[in-house]
Amino acid sequence: MSKHQLVTNNANETALLGEKLASLLEPGDVLTLEGDLGAGKTTFTKGLAKGLGVKRTVNSPTFTIVKEYEGRLPLYHMDVYRLENSEEDIGFDEYFNSHGISVVEWAKFIEEYLPEERLNININYDEGDSRTIEFSSTSSHFDSVISELRS
Ligand code: ADP
Ligand code: MG
């Protein structure tokens with residue numbers, strides 16, 4: 001399925017990209033976020049939350065694993081880093097099958113629970129404050145999201 005890569009030059013640009021993506025999402029969409037610590041996964045999610053109309057401040061959910069926010073659609077912000085080497089299922093299906101938007105940082109650690117249809121987002125460090133952000137879709141819905149994002 002389709003892929004799209006672009007570069008952001010500061011944190012604000014990454015957040016704006018998240019905000020733009022939010023306007024293209026549909027109920028129940030699942031997004032995965034990969035990238036090293038400090039790459040910008042939470043920064044991207046903050047922008048996405050803003051785009052979903054979330055008023056509360058979005059912080060990293062590392063210690064709680066899931067944080068829920070009210071917006072135009074509910075936002076489930078997960079950071080599953082702590083589940084590396086763990087089989088723990090915190091009820092992922094319920095989140096993924098609901099009408100809210102799920103965003104999963106370090107999704108590779110819960111690979112077995114992820115739905116097939118999702119938008120995978122990879123953030124890579126470049127020089128300084130530049131980041132290469134790659135979107136890859138696993139469904140026709142996310143193919144169209146990517147093509148809207150490019151335009
Ligand atoms: P992660 O959730 O991936 O660990 P964070 O979003 O918490 O990362 O942190 C990213 C850090 O990098 C923030 O301090 C942010 O200001 C900084 N930063 C610098 N340039 C960028 C960029 N282009 N995109 C995102 N964050 C950036
Ligand atoms: Mg984070």
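Heads up: these notes are all about the structure in this document. Bear in mind that the values here come from a model prediction, so they are computed numbers and not experimental data.

## Topic: a negative patch on the surface
Link 1 in the chain: Taken together, the side chains of E87, E88, D89, D93, E94 and E112 define an acidic patch exposed on the protein surface.
Link 2 in the chain: When you line up the elements, D89 lands in the loop between β4 (75-79) and α3 (92-96).

## Digging into the coordination of the magnesium ion (ligand 2)
Ideal geometry at a metal centre gives angles of 109.5 degrees when four donors are arranged tetrahedrally and 90 or 180 degrees when six donors are arranged octahedrally.
Link 1 in the chain: T42 (OG1) and E105 (OE) make up the full set of protein donors to the magnesium ion (ligand 2), lying at 2.2 to 2.3 Å. Here T42 is found in helix α2 (residues 41-51), whereas its partner E105 is found in strand β5 (residues 101-105), with 63 residues between them in sequence. The two residues T42 and E105 agree in class, both being buried.

## Some details on the packing of helix α1 (residues 11-22) against helix α4 (residues 140-150)
Link 1 in the chain: For the pair α1 and α4, the least separation of the axes is 10 Å and the interaxial angle reads 130 degrees. In terms of their interaxial angle, α1 and α4 are classed as oblique. Remark: the crossing between α1 and α4 carries right-handed chirality. Contacts between α1 and α4 involve L17, K20 and L21 from the former and V145, E148 and L149 from the latter.
Link 2 in the chain: For the contact of α1 with α4, the per-class residue count stands at four nonpolar, no polar and two charged.

Reading the values: the criteria
Residues numbered from 1 in each chain as written. Chains lettered and ligands numbered in written order. Predicted model: local features only at pLDDT ≥ 70, side-chain atom pairs only at ≥ 80, totals over all residues. Heavy atoms only, no water. Patch = residues over 30% accessible without salt bridge, like charges linked within 9 Å, V, L, I, M, F, W, Y side chains within 5 Å. Areas by Shrake-Rupley, 256 points an atom, 1.4 Å probe, with all protein chains shown as cover. Salt bridge = Lys/Arg side-chain N within 4 Å of Asp/Glu carboxyl O. Lys, Arg positive; Asp, Glu negative; His and termini not counted. Charge placed at Lys NZ, Arg CZ, Asp CG, Glu CD. Helix = DSSP H or I, 4+ residues; strand = E, 2+ residues; numbered from the N terminus. Donors = N, O, S within 2.8 Å, 3.2 Å for Na, K, Ca; no water. Buried < 20%, exposed > 50% of the residue type's maximum accessible area, 1.4 Å probe, protein only. Axes fitted to C-alpha atoms, helices over the stretch in contact; angles between N-to-C directions. Parallel < 35°, antiparallel > 145°, perpendicular 65-115°, else oblique. Left-handed = near helix turned anticlockwise from the far one by under 90°. Contact = heavy atoms within 4.5 Å. Nonpolar A, V, L, I, M, F, W, Y, C, P; charged D, E, K, R; others polar.

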